[in-house]
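Commentary on secondary and tertiary structure
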Amino acid sequence: MATVSLRNLKKSYAGAAQPALSDLSIEIADGEFLVLVGPSGCGKSTALKMIGGLEDITSGEVLIGDQVVNDFASRDRDIAMVFQSYALYPHMSVFDNIAFPLQIAKVGKEEIARRVQEVAKTLQLEPYLQRRPGNLSGGQRQRVAMGRAIIRRPSVFLMDEPLSNLDAKLRVKMRAEVAQIQRQLAVTTIYVTHDQVEAMTMGDRVALMRDGVLQQVASPDEIYHDPANTFVAAFIGSPAMNLFYGTLLRDAGGIKVKLGDATLTVPDAALAKYNLVRDHAMTDIIVGLRPEDLEDAALQPDHPVDQVFEAQVALVESLGSDHMAHVALSAPAVAVEDDVDNLEEVSMTGDIQGRCICRFSSQSKARKGDVARVAVACERLHFFDPKTGRALRDT
Ligand SMILES: Nc1ncnc2c1ncn2[C@@H]1O[C@H](COP(=O)(O)OP(=O)(O)O)[C@@H](O)[C@H]1O
Ligand SMILES: [Mg+2]
């Protein structure tokens, strides 16, 4: 078991205009499950390959335990890797596939048998040990690949999108299984995914990257509730946080924020959290509203009237438990440009007429075309600097 330290890691591929990875520093605790997440091309696999010794390090250091391993061959780093493509040996049984690393290491027959049994038990593969990979389901094959990785009892697991070949339902199941096995084995794990739900549900901490630059590393809870900037705010959460350009108003009554025609009072709780709002030099500001902090005001008669806005309903999607109401807010939406594939939930157009998605509860009677009154949990508003995109709070 071991800690992993990434210190100012940088990677420039020959001929590339920009570094694939800039100055990545993260300290990963012994036994921790760290998820590296971000849009396609942001440098996740590059970082993982550098840790695993499959890619040269341009500058910076990788430490496993207290040893700098930059110059160690992959096989000398005491790591095991699991990738998206499992690369099992098709002509060998499940038993032999799992046993393979031990056979290479010339471990004795009896010990191999014992350890394969143990791993098969952990992974619930006991009934399948004599089968060939071709006769297994996708999830079972993925477990065999995991088995081959864990049987060596490495100090560190490196996993690169190991579940992305599986169908959606199986992925959800395997997500829980992998997380559970990791906790059981308590092996330090670095897990790469582009899927923010996977990141949020599996990781002890989540490191979100963009264009080779680390944006934030924090617990799932913290990264969700205290995003460091608009990119993090828009990437984590589904549907995404609504982000609009607004104007700060200060008067004797306190601080308000204007979003198009809507004016909302900013309560002390929000100002305490976003402690730089009070002294924000500009009146321009970016305001973030999570869909679940927006409710149909008809269902909340006691909600303060200075924390309500009116907006026309453009669309209501019923999810059974909730009604997702898309309302038109006459404020410019913030365009968080980037790999749109991975931000498909982000409907940010930069139009002056922004769409704001509200998670109304199912009792809401708001329908398309209505003018709804929207109750905003203003103590949970988020505020960002419109120039830098950074959260307006000390970090
Ligand atoms: N072998 C390589 N040679 C040149 N450029 C590469 C190579 N591998 C990756 N890149 C580039 O580095 C960036 C990061 O890639 P990668 O680490 O694979 O991203 P991710 O895993 O987050 O999708 C991308 O711009 C990609 O095109
Ligand atoms: Mg990748």
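Residues numbered from 1 in each chain as written. Chains lettered and ligands numbered in written order. Predicted model: local features only at pLDDT ≥ 70, side-chain atom pairs only at ≥ 80, totals over all residues. Heavy atoms only, no water.

Let's talk about the overall build of the chain
The condition that has to hold: Secondary structure elements are defined from DSSP: runs of H or I of at least 4 residues count as helices, runs of E of at least 2 residues count as strands, and each element is numbered from the N terminus. We call two residues in contact when some of their heavy atoms are within 4.5 Å. Methods summary: accessible areas were calculated by the Shrake-Rupley approach with a probe of 1.4 Å, and residue burial reflects only the protein chains presented.
Each helix and strand in the chain was counted, giving 9 helices and 20 strands. Projected onto the principal axes, the alpha-carbon positions of the chain cover approximately 80 × 45 × 35 Å. Expressed as a percentage of contacts within the chain between residues at least 6 apart in sequence, the contacts between residues at least 24 apart total 71%. Counting only carbon and sulfur atoms, one obtains 48% of the accessible surface of the chain, whose full area is about 17,900 Å².

Observations regarding helix α2 (residues 94–104)
Put simply, the test is: Each residue's exposure class comes from its accessible area (1.4 Å probe, protein chains only) as a fraction of the maximum for that residue type: buried when under 20%, exposed when over 50%, partly exposed otherwise.
Three or more residues of α2 are buried, namely Val 94, Phe 95, Asn 97, Ile 98, Ala 99, Pro 101 and Leu 102. Summarising the contacts, the buried residues of α2 are in contact with α3 (109–122) and α4 (138–150).

A look at the pattern of salt bridges
Quick note on the threshold: Whenever a carboxyl oxygen of Asp or Glu lies within 4 Å of a side-chain nitrogen of Lys or Arg, that contact is scored as a salt bridge.
On inspection of all chains with the given rule, the structure shows 15 salt bridges. The salt bridge involving Arg 205 is made with Glu 32; its shortest N-O contact spans 2.6 Å. Of this pair, Arg 205 sits in strand β9 (residues 205–210) while Glu 32 sits in the loop between β2 (21–28) and β3 (33–37); the two residues are 173 residues apart in sequence, bridging distant segments of the chain. The exposure class of Arg 205 is partly exposed, given its relative accessible area of 23%. Two residues, Glu 118 and Arg 153, come together in a salt bridge whose shortest N-O distance is 3.5 Å. Of the two residues, Glu 118 sits in helix α3 while Arg 153 sits in the loop between α4 and β7 (156–160), which places them 35 residues apart along the sequence. Where salt bridges share partners, they join Glu 111, Arg 114, Arg 115, Glu 118 and Arg 153 into one cluster.

Let's talk about the environment of Ser 321
Relative to the helices and strands, Ser 321 is located in the loop between β16 (308–318) and β17 (322–329). With near-sequence residues (within four places) excluded, Ser 321 lies in contact with Ser 361 and Ser 362.

Some thoughts on the environment of Ala 297
One can find Ala 297 in the loop between β15 (294–296) and β16. Residues Ala 297 and Ala 270, 27 residues apart in the sequence, show an inter-C-alpha distance of 20 Å. In this structure Ala 297 touches Val 308, Arg 373, Val 374 and Ala 375, once residues within four positions along its chain are discounted.

Let's talk about the site of ligand 1
Operational definition: Any residue with a heavy atom positioned within 4 Å of a molecule or strand is treated as near that molecule or strand. Any pair of N or O atoms that falls within 3.5 Å is considered a polar contact. Within protein, one atom must be able to donate a hydrogen and the other to accept it, and sequence-neighbouring residues count only if both atoms are side-chain atoms. Think of it as three bins: nonpolar holds Ala, Val, Leu, Ile, Met, Phe, Trp, Tyr, Cys and Pro, charged holds Asp, Glu, Lys and Arg, and polar takes everything else, Gly as well.
Close to ligand 1 lie Tyr 13, Ala 20, Pro 39, Ser 40, Gly 41, Cys 42, Gly 43, Lys 44, Ser 45 and Thr 46. Between a nitrogen atom of ligand 1 and a side-chain N or O atom of Tyr 13, the distance comes to 3.3 Å. Gly 41 has a polar backbone atom sitting 2.7 Å from an oxygen atom of ligand 1. Relative to its unbound accessible area of 560 Å², ligand 1 is 56% covered by the protein chains. Here the residues of the shell around ligand 1 sort into 4 nonpolar, 5 polar and 1 charged.

What to know about the sheet that holds β7
This is how it is decided: Two strands pair if DSSP finds at least two bridges between them. Lines fitted to the C-alpha atoms define the axes, with helices restricted to the stretch that makes contact. Angles between their N-to-C directions range from 0 to 180 degrees.
An order of β6-β7-β8-β3-β9-β10 is seen for the 6 strands of this open sheet, with the pairing classed as mixed. The sheet is open, and its two edges are formed by β6 (79–83) and β10 (213–218), each paired on a single side. If you compare each strand with its neighbour and ignore which way they point, the axes differ by 15° on average. Inspection of the sheet shows β9 paired to β10 by 5 bridges, in the antiparallel sense. Residue pairing across strands places Ala 207 opposite Val 217, the latter belonging to β10. Against the sheet, helix α1 (residues 44–52) makes contact with β3, β6, β7, β8 (188–193) and β9, and its axis sits at roughly 150° relative to β7, the strand it touches most.

Observations concerning the packing of aromatic side chains
Each aromatic ring pair is described using two quantities: the centre-to-centre distance and the angle formed by the ring planes. Threshold: Only centres within 6.5 Å qualify two rings of Phe, Tyr or Trp (six-membered ring in Trp) as a pair; their planes then separate them into stacked at under 30 degrees, edge-to-face at over 60, and tilted for everything else.
As enumerated under the stated definition, the model contains 4 aromatic pairs in all. With 5.9 Å between their ring centres and 25° between their planes, Phe 231 and Phe 235 make a pair best called stacked. Here Phe 231 pairs with Phe 235, and both are found in helix α8 (residues 230–235), just 4 residues apart, close to one helical turn. Both residues of the pair, Phe 231 and Phe 235, belong to the buried class.

Quick look at the pairing of strand β12 (residues 254–259)
Side-chain positions along a regular strand alternate between the two faces of the sheet. Bridge count between strand β11 (residues 242–251) and β12: 5 bridges; the pairing is antiparallel. In the sheet register, Leu 248 faces β12, and the bridge partner there is Val 257. As consecutive antiparallel partners, β11 and β12 are separated by 2 residues. Where β12 and strand β13 (residues 262–265) come together, 4 bridges link them in antiparallel fashion.

Here's the deal with unusual backbone geometry
Geometrically, the link from Ser 238 to Pro 239 is a cis peptide bond, its omega value of -5° lying close to zero. With respect to the helices and strands, the residue Pro 239 is situated in the loop between α8 and β11. Phi at Asn 8 takes a positive value of approximately 50°, unusual for a residue other than glycine. Residue position: Asn 8 is located in strand β1 (residues 4–11). On the basis of relative accessibility, which here comes to 41%, the residue Asn 8 falls in the partly exposed class. With a phi angle near 50°, Asp 211 is a residue other than glycine that sits in the positive phi range. On the secondary structure map, Asp 211 appears in the loop between β9 and β10. Of the residues examined, Asp 211 reaches a relative accessible area of 45% and is grouped as partly exposed.

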